[in-house]
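Each chain is listed here by its residues.
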Amino acid sequence: METTRLSILARVKNVADADAWRQFDSIYRPILTRYARARGLDAADVDDVVQHCMAALVTHVRGFEYDASRGRFRSWLRTIVNNHIRNLWAKRREGQADTAAFAGVADDNGPDQEFERIWTQEHLRHCLEQVRRELRPEEYDAFHMHVIADASVDDTCAKFGLAPNQLYKLKWKVTQRLKEAMREQFGEGE
């Protein structure tokens, strides 16, 4: 079973645990990258923000002790990335961070809501990849076609040689496993 988010944070305290760092990076780098892009930064600035945030994570994760009363890891990470973006803008005198930077973002609700949306999407993507590795390729392909690509039951069954009840069972099985993986990923208090 994959480790939970909290255990990943505990494992990366050991800088020699390369597997933990790979998993940590695969979860959090895409969140930071997408968020910085959503804030309107160009590619070079996105890279700068992501590197700064990852360096801050490396520096501070060694002293990490989960304490729900002090706030969530997600909130801390959002603060780090927002502060660096504000500092970047202040250095360039391009104005201060405000929700106007989200002019082209769908469902514009401001930086905090955008961060939450990206956080959830990236964790879901990561969990879906984890679940995909647990399935036979044809099972995942049928699930993906019907649930994610929104193909009809008839079209999906015809392509994969399934009866409708087999597809419904597969959908239920994968959805339940995905929910479990999300609970594992988010950990307690997240």
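What counts as what
Residues numbered from 1 in each chain as written. Predicted model: local features only at pLDDT ≥ 70, side-chain atom pairs only at ≥ 80, totals over all residues. Heavy atoms only, no water. Axes fitted to C-alpha atoms, helices over the stretch in contact; angles between N-to-C directions. Helix = DSSP H or I, 4+ residues; strand = E, 2+ residues; numbered from the N terminus. Parallel < 35°, antiparallel > 145°, perpendicular 65-115°, else oblique. Left-handed = near helix turned anticlockwise from the far one by under 90°. Contact = heavy atoms within 4.5 Å. Nonpolar A, V, L, I, M, F, W, Y, C, P; charged D, E, K, R; others polar. Buried < 20%, exposed > 50% of the residue type's maximum accessible area, 1.4 Å probe, protein only. Arc of directions from axis to C-beta. Phe/Tyr/Trp six-rings, centres within 6.5 Å; stacked < 30°, edge-to-face > 60°.

Engineer: Quick one: what's the story with the packing of helix 6 (residues 137-148) against helix 7 (residues 153-160), residue by residue and with numbers?
Structural biologist: Orientation of helix 6 relative to helix 7, taken along the N-to-C sense of each, is 160°, at an axis distance of 9 Å. Between helix 6 and helix 7, the angle falls in the class roughly antiparallel. Handedness of the helix 6/helix 7 crossing: right-handed. Of helix 7, the residues touching helix 6 (which contributes Glu138, Asp141, Ala142, Met145 and His146) are Val153, Asp155, Thr156, Lys159 and Phe160. Looking at the contact of helix 6 with helix 7 residue by residue, the classes come out as 4 nonpolar, 2 polar and 4 charged.

Engineer: Can you tell me about helix 7, naming the residues and giving the values?
Structural biologist: If you check which residues of helix 7 are buried, you get Val153, Thr156 and Cys157. With its buried residues spanning 95° around the axis, helix 7 presents them on a single face. When the buried face of helix 7 is taken as reference, the exposed residues oriented beyond 90 degrees from it are Asp154, Ala158 and Lys159. Gly161 lies just past helix 7 and shows a positive phi near 65°.

Engineer: Let's hear about the packing of aromatic side chains: which residues, and what values?
Structural biologist: Any aromatic ring pair is given by two values, namely how distant the centres are and how the planes are angled relative to each other. Taken as a whole, this structure holds 5 aromatic pairs when the rule is applied. Relative to Tyr28, the ring of Phe24 lies with its centre 4.8 Å away and its plane at 50°, an arrangement referred to as tilted. One end of the pair is Phe24 and the other is Tyr28, both in helix 2 (residues 18-38) and 4 residues apart, which spans about a single turn. Under the relative-accessibility criterion, Phe24 is labelled buried at 0%.

Engineer: Account for the packing of helix 4 (residues 73-92) against helix 5 (residues 111-134), naming residues and giving values.
Structural biologist: Between helix 4 and helix 5, the shortest axis-to-axis distance is 11 Å and the interhelical angle comes to 120°. When the interaxial angle is binned, helix 4 and helix 5 end up oblique. Judged by the sense of rotation from one axis to the other, the crossing of helix 4 with helix 5 is right-handed. Together, Phe73, Arg74, Leu77, Arg78, Val81 and Asn82 of helix 4 and Pro111, Asp112, Phe115, Glu116 and Trp119 of helix 5 make up the contact between the two elements. In terms of residue class, the contact of helix 4 with helix 5 is made up of 6 nonpolar, 1 polar and 4 charged.

Honestly, it's all geometry; don't read function into it.
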